[in-house]
Structures are given as structure tokens and as C-alpha cells.
Amino acid sequence: SLLHFSGGTIGGNIGTLSQGIFVEESSRLALSGSALVEADNKIIMQEWENENALIIMGPLTSKVTAIIDVYRMNMNAGLDYTQELTVGRKLLESSNTYNYTWDDVSRLALADSEYAINISGNIGKAIKDSEVSTLSSVVYSGEEKTADLVVKDGDTVLIKGVHYIVSYRNNIGVGKATILIAGIGDYGGVVRRTFNIYKAQAIKILTPIPSEKRFSAAAHMTEVELLESIALSRVEVAHPNGTAWLSVEWKLTQGSYNPLGGTYIYTGNVMGDNNINSNGLTITMKIIVEPFESYFSETVRIGTDSRMKLSIIYRKDGNKRYAEYLISEEAFRGGNKVVIPLSTDELIKQLNSDDVESLHLSLTFPGGILDAEGSYLYSILLDDELVKAAKEAGKDITISIMDENGIERYSWTFRGDDLENSLSGKAIETELALQIRNLSGLEDSKDLVESDQSDKDEVGFVVSFGHSGNLPSQASVRIYVGDREGVKPGSMVYLYYYNSDTDKLETLPGGFGYMVDDEGYIRVNILHCSDYVILYKEAGKGQFTSLRNQIKVTLEDKVIYTGVKNKPNKTRIDIELPVTLELVESLEDETSQSAIGGVTVTYQSANKAVAIVDENGIITAKGKGTAPIITKLTLYNGKVKTVRTVVVVRNR
């Protein structure tokens, strides 16, 4: 028979053989729903000889705290019932639709406290609370915490996995963690233990902190850059469990910063992390900025609108020259693109001076001009005359593009030796404006995304250059990407050139993986411009064209002649390399630019009786027939591309 109790209250039962809740031989008591069995009740399991009674546990919405007593009829004792608790005897089962839990088992106790129900539903020897060791507090680390338990049965140490198992709750975050110890095999019962997880408290700063630092002012130095140059972004602190490095957030507490010089007091608030509370530790430092010499300034009108002006302040620091371009908001109110030419007589004069080693230009833009996506609101033209002057003088030019908060968004550097060695042999006007755009805005970008990736913007973004085509020389471009979702300092991103003719990505010499630095920037060396794609993981094989496959090998004339007047007896192998590769005699030879990879080439005729080929790829006819010509190209990284072309030789 089955007694299914799913609601109401059972109470007031003394729980003896004459009164209580009786489950007799081969019967079942099913508990579920909002059944409430009060603590002063006993459930009597009254059994007959070899017939066992069972409790069937279903899902409960109320707390059951019941005492269970088990009696068995003894035929040899005049049909008397005797209490019987046999280790291993089945007492509890799950219902057809519910598997009872550790919590359910912990609610049911046997009348004899020396025994308990285990998670298999069997009677076992009770694991007592007093026989389980107490637990110490542990320090938070962001990882799961476990405890070193000792569970005994008298003097016998029980074995985890043999006599008991454990389950943890809330054992990662700061707070109180719970561990449940449940008997198995010959043991039963569930014991709860708790332990605290706490965040370590910093005690003191261990790194020696100078009380004062001095700097020379620079035209491009902002308060942010000044603080970065303090080179104390982290300090070592002691805490109860050892030492750790924590970051410092610097703030100006006195005066107003002036990049031209002054004395300022900065406080550094030590910033804790998930593991350590910084405990209010602070650092104070006096910063003395020595004045930076300004020797010249001018106002330049740009465009035909009289409002469109910019101020240029020229400064010097030793053998370096700086020019600050300050662009007013009024310049953008007309709605037209603001074109900023980077060339003045003063800049060229400084490049031609023997006292000057390098030239640094900074352009500060107002408002959200640099964040506008789509049509360019501005144009920055590096004039060919300035490039020519730097090329002839062999001097470096750096152009930094700053926002109104003094943060460098991107910069260009053309090194003097790269300009001198440029294969183009000429100075060209170069557009320096660039934008960071969403990948979804790139035309025909569907093939750049794996088939299981629904949102293209989740896999990367586009660096779109205003300049199109080759640059006057190799350029080093530093780009801030730290504000892009999915990018953080130390993470790797993967850069590819986007070929709009093939709708494919193309790899560059030196690999395509770039690490984001501590300030959120990547630095890349490029030779030509349009769009570059940056992905958060490497592109799949079908998404990009390797350097080897960017090389094209063709035969100028497929048919040549021998002994035929006015017919060509020679042809040649033409090799077309991408701008990022260059032919060299030996792979040990340097290329004209460090961003260019070297390539060697050899030629071989497979039928010299028909045609021969020299070291320059010139093929000469020798006799009628066909001759395969093997062209072998070896790249700087050891990879080889072999191309077989066939020349036909006719004698009439």
C-alpha cells in the first residue's frame, strides 16, 4: 500500500508502536509538496519478517524534520516487535520524478543517533558533528577554495571517497563558504561545516618612494603623459599572506598643470585588486617641471573661411624640435572638411639645421572630431616638400594626433634612414588621417567571419587609412586600441592587409600577431595604405592570402623561335612581388626597409636541348620542342614557392 502525504501538518504523535505514523510491511510513505512533519513526530517503519518498508521522497516545498524508528517483528519472541537498525538496509528511495538531495537526507534522522541515512538511502553508522574537524578562514584569490578535513570514527580516521564524500557551496567569492560531508558505504548522515573567505588587507608599501622628481617640459607632454613618465604605476605592498604588486592612480592635488613648467603635488591612491584591499594606502610626490623653451609661434589660415585658423607653437628641447598645432572648434563649424597641411618654412628650416636631430609635430583636435566614424571631418597632409627635406637630411619626423584630453590617439613616425633608402625614390604628399571602424562597415566583409560567428564586430575591427597606395617610405604607426571591446593590455590581436580587389586578407612579413602594450597601443610598420583588419583571433586558412600566394610568376612570351628570321628567340620570366617583399641575392642581405621581407630566386630548365634560362630569368631557344622552366622562390622565413612554366620553341 502507499500513503502519499503532500500537504497539511502531521503533529502531536508521540511515535510509539501504538501511535504515530505507521508504514507497515512492504508499504510506502511518499513525502512531497508542502508536507510538514513536525520535529516532535516519529515515523514508525513497522516491518514483518523479511518485508521492508520504504520512504519515497519527492520534491518538498516545506521543511521536513522527522525522526524515523524501525521495528521488525520477531517470530521467535511471540510476535513482538524489536527495534532493528541494520547497516546497509535500504530505507529511502527517490520518486519516479524526483531525485532526493543531500538537503533532503539531512532532514531525516533515525531515532538511534548512532545511525543515520546516507545519500544512497541506506542505513549507516552516523558521522557525528563532533568527529569532523573545524575549518580555518582562507584568503580570497578568485579561485575555488577547498578545506583540509579530518573525519573520524572514534580513533579511526575515515577516508574520503570510501567512507564519505564532500560538496562545496559559495566557496569562490568573499564571504561564508559551506561544505557538506555526507556518509557513504557503511556510514551515513550529513554534517555541515562553514569557513570564511576574506580579502587580504594591505599593511604597508615596500617599494622605496622618492619624495621628488624633476622633468623637462615638452610641447607634447600632457598631465597624463607626465604621470605615466613617473614610472611608478605599481607599488609592492605587504599583506598578512605575503607581498603583491598593486596599481597606483595618480591625481593632482594642488595647482593647475601647465606643460611649460611648474611645481605640483601629486597623490597616488594605491588601487587594490580582487585579492587585496589596499586599505587606504596613498603616496605623495612633488613633481618639478622645468620650463620648455618656446622660440617661435604663428597663426596659419586654412581654407578660404577666415575662421579656419590654427596656431602653431614651435619649441625646442636640446637637438629635438617640437611644433604644436592647436585647432579651434570654430574651424569645424562650417561643415566642410578641415584640411591641415603639415609644411611651413620654419619646419623645413629646422630640418635643414645641423643642430636638429628630429622633428616632432602634435595636432590637438577639439571635441569628438576624432571619434566621428564615416566621412572624414579632417585631412592631415604631410607635404612632399617636408618629406623631401627629411629625406635629404636623413632626419626623423613624428606626427602625434591628440584629443582634447591630451591622449594620443595615433601617431606616425618616418625614420630618416628609411626615407633615404626608399625604393620609390621620390617624396610624395601623404594623407595621415585614419579611423577605427566597425568590421560590419567594411564592404564585402562577410568572408572575413567564420560561419559560426553571427556578429562581425565581435571578432575585430578595421583601421581605415585616408591615404591609399604606397607611402613615401616605411612608417611606424602607433594606434590606441585599448577602448575596443575585447582588447586589453597584454592581449594579442592579429593584423592583416585587406585587399579590396580580392576581398581577402593578406599577411605581412614578420607575422600577423601584435601584443597590446600596457597603455593600450599597438605599433605596426607599414609600407602602403588603405584598410587593415584587426581580428581578436587568427584568421582561418580560407580567409587570407599568404605571402607566397601573393607572388605572381608569369612567362612574357609562351612561344619563341629558333632559326626563324624576325621572330623572337628569347623570352623572360616575370616576377611580381607585393610591396612587402623584395628580391635579394642572399637571404642574409638587408632589404631596403625593415618591414620588407627578402626573397631569393633561382631558375632551371628541365629541357636544355630546347631552351636554357640564365640567373636573370632570360630564356633562350635552342631547339624545337617544349621546355619546362622551374622558378624557385625562397622567402626570408625559409618558405619556398616553386612555379613550373612551359615555353614552346618552334623552328618555323
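Residues numbered from 1 in each chain as written. Predicted model: local features only at pLDDT ≥ 70, side-chain atom pairs only at ≥ 80, totals over all residues. Heavy atoms only, no water.

(A) Main features of helix H4 (residues 384-393). If you check which residues of H4 are buried, you get Leu386, Val387, Ala389, Ala390 and Lys391. Of the residues that open H4, the one with a side-chain oxygen 2.8 Å from the backbone nitrogen of Glu385 is Asp383. Of the residues trailing H4, Gly394 is marked for its positive phi of about 65 degrees. (Buried < 20%, exposed > 50% of the residue type's maximum accessible area, 1.4 Å probe, protein only. Helix = DSSP H or I, 4+ residues; strand = E, 2+ residues; numbered from the N terminus. Polar contact = N/O pair within 3.5 Å; in protein donor to acceptor, adjacent residues only side chain to side chain.)

(B) Just the pairing of strand E32 (residues 338-342), in detail. Residues of E32 alternate between two faces, with Val338, Ile340 and Leu342 buried on one and Val339 and Pro341 left unburied on the opposite face. Looking at chain direction, E32 and strand E34 (residues 378-382) are connected through five bridges and run parallel. Opposite Val339, over in E34, you have Ser379 as the bridge partner. (Pairing = 2+ DSSP bridges.)

(C) Spotlight on the nonpolar core. Formed by 58 residues in total, the largest nonpolar core has its most connected members in Tyr325, Leu342, Leu363, Phe365, Ile399 and Trp412. Ranked by residues supplied to this core, first place goes to strand E39 (residues 460-480) with seven residues. Apart from residues no more than four positions distant in its own chain, Leu342 is found in contact with Tyr325, Leu361, Leu363, Ile380, Leu381, Leu382, Asp383, Leu386, Ile399 and Leu432. Counting residues in each nonpolar core, the second largest holds 21 residues, with Leu555, Val610, Ile619 and Leu635 among its members. (Core = buried A, V, L, I, M, F, W, Y, C linked by side-chain atoms within 4.5 Å. Contact = heavy atoms within 4.5 Å.)

(D) Spotlight on the pattern of salt bridges. Enumeration according to the criterion identifies 12 salt bridges in this entry. Residue Asp574 is joined to Arg572 by a salt bridge in which the shortest nitrogen-to-oxygen separation is 3.2 Å. For Arg572, a relative accessible area of 34% translates into the label partly exposed. The structure contains a network of salt bridges with shared partners spanning Asp103, Arg169 and Arg192. (Salt bridge = Lys/Arg side-chain N within 4 Å of Asp/Glu carboxyl O.)

(E) Layout of the pairing of strand E35 (residues 396-402). Across the seven residues of E35, six count as buried, placing the element largely inside the fold. One ladder, built from seven bridges, connects strand E33 (residues 358-364) with E35; its direction is parallel. Counterpart to Leu359 in the pairing with E35 is Ile397. Summarising the sheet, E35 and strand E36 (residues 408-414) pair through six bridges and their orientation is antiparallel. Within E36, the position partnered with Ile397 by the bridge is Phe414. The hairpin formed by E35 and E36 contains five residues between the paired strands, and Gly406 there has a positive phi angle of roughly 80 degrees.

(F) Structural view of the packing of aromatic side chains. Summed over the entire model, instances satisfying the criterion amount to eight aromatic pairs. When the centroid spacing of 5.6 Å and the interplanar angle of 75 degrees are considered together, the rings of Phe465 and Tyr532 count as edge-to-face. Of this pair, Phe465 sits in strand E39 while Tyr532 sits in strand E43 (residues 521-535), and the two are 67 residues apart along the sequence. There is no split in this pair, since Phe465 and Tyr532 are both buried. Among the aromatic residues, those joined into a cluster by ring pairs are Trp412, Phe414, Phe465, Tyr497 and Tyr532. (Phe/Tyr/Trp six-rings, centres within 6.5 Å; stacked < 30°, edge-to-face > 60°.)

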